[in-house]
Amino acid sequence: MTAYALANLTPQPGLHEEVLTYMERVQSTLDPFGGRFLVHGAPAREVREGAWPQDLVLVSFPSMDHARRWYDSAAYQELIPLRARHIPGDLLLTDGVAPGYDPATTAAALRAASGGTA
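Residues numbered from 1 in each chain as written. Predicted model: local features only at pLDDT ≥ 70, side-chain atom pairs only at ≥ 80, totals over all residues. Heavy atoms only, no water.

(A) Quick peek at the overall build of the protein. Of the regular secondary structure elements, the protein holds 4 helices and 4 strands. Reading the secondary structure of the protein in the N-to-C direction produces β-α-β-β-α-α-β-α. Its C-alpha radius of gyration of 17 Å places the protein more than 25% over the 13 Å reference for a compact globule of 118 residues. Taking contacts inside the protein between residues at least 6 apart in sequence as the whole, the part at least 24 apart equals 74%. When the accessible surface of the protein is totalled, it reaches about 7,700 Å², and 57% of it is carbon and sulfur. Distance between charge centres in the protein, computed from 9 positive and 13 negative side chains, equals 3 Å. (Helix = DSSP H or I, 4+ residues; strand = E, 2+ residues; numbered from the N terminus. Rg over C-alpha atoms; globule rule 2.2 N^0.38 Å. Contact = heavy atoms within 4.5 Å. Areas by Shrake-Rupley, 256 points an atom, 1.4 Å probe, with all protein chains shown as cover. Lys, Arg positive; Asp, Glu negative; His and termini not counted. Charge placed at Lys NZ, Arg CZ, Asp CG, Glu CD.)

This is the structure:
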């Protein structure tokens, strides 16, 4: 099942040289694990609900194992400080949904598990 690395980053004024180095080198850390950028910064966006002052980064991987091995790799661990010193944020790894996922089925299972009181 596809897995994702999702980062919610808080941009800072100016772009530090270390961030540019990170950007130049990060793809080479993703390649061995099948990582592919789906969203990188999202400069063109429409906030439809709430506020979103952060930048979004979304990377797909063939599986959660691939995502974990990428994040834990020596090559990526070496790059993290180049970004983190200058752009604070949060990063999480998460599974995607299986093909044919139906939220109504999930709702029915949750309703049944709660004894129908949900």
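Once the structure has been displayed, the description carries forward.
(B) A nonpolar patch on the surface, seen in detail. Judged by side-chain polarity, Leu15, Leu20 and Met23 come together as a nonpolar surface patch covering roughly 260 Å² of accessible area. Following the sequence through the fold, Leu15 ends up in the loop between strand S1 (3-9) and helix H1 (17-30). (Patch = residues over 30% accessible without salt bridge, like charges linked within 9 Å, V, L, I, M, F, W, Y side chains within 5 Å. Salt bridge = Lys/Arg side-chain N within 4 Å of Asp/Glu carboxyl O.)

(C) Seen up close, helix H2 (residues 64-72). Inspection of H2 places Met64, Ala67 and Trp70 among the buried residues, and these make up the whole buried set. Projected down its long axis, H2 shows its buried positions confined to an angular sector of 125°, all on one face. In this structure, the buried residues of H2 make contact with S1, H1, strand S3 (55-61), helix H3 (74-84) and strand S4 (89-95). (Buried < 20%, exposed > 50% of the residue type's maximum accessible area, 1.4 Å probe, protein only. Arc of directions from axis to C-beta.)

(D) Seen up close, the packing of H2 against H3. Following both chains from N to C, one finds H2 and H3 inclined at 60°, their axes separated by 5 Å at the closest point. Judged by the angle between their axes, H2 and H3 are oblique. For the pair H2 and H3, the contacting residues are Trp70, Tyr71 and Asp72 in the first and Ala74, Tyr76, Gln77 and Ile80 in the second. In the contact of H2 with H3, the residues fall into 5 nonpolar, 1 polar and 1 charged. (Axes fitted to C-alpha atoms, helices over the stretch in contact; angles between N-to-C directions. Parallel < 35°, antiparallel > 145°, perpendicular 65-115°, else oblique. Nonpolar A, V, L, I, M, F, W, Y, C, P; charged D, E, K, R; others polar.)

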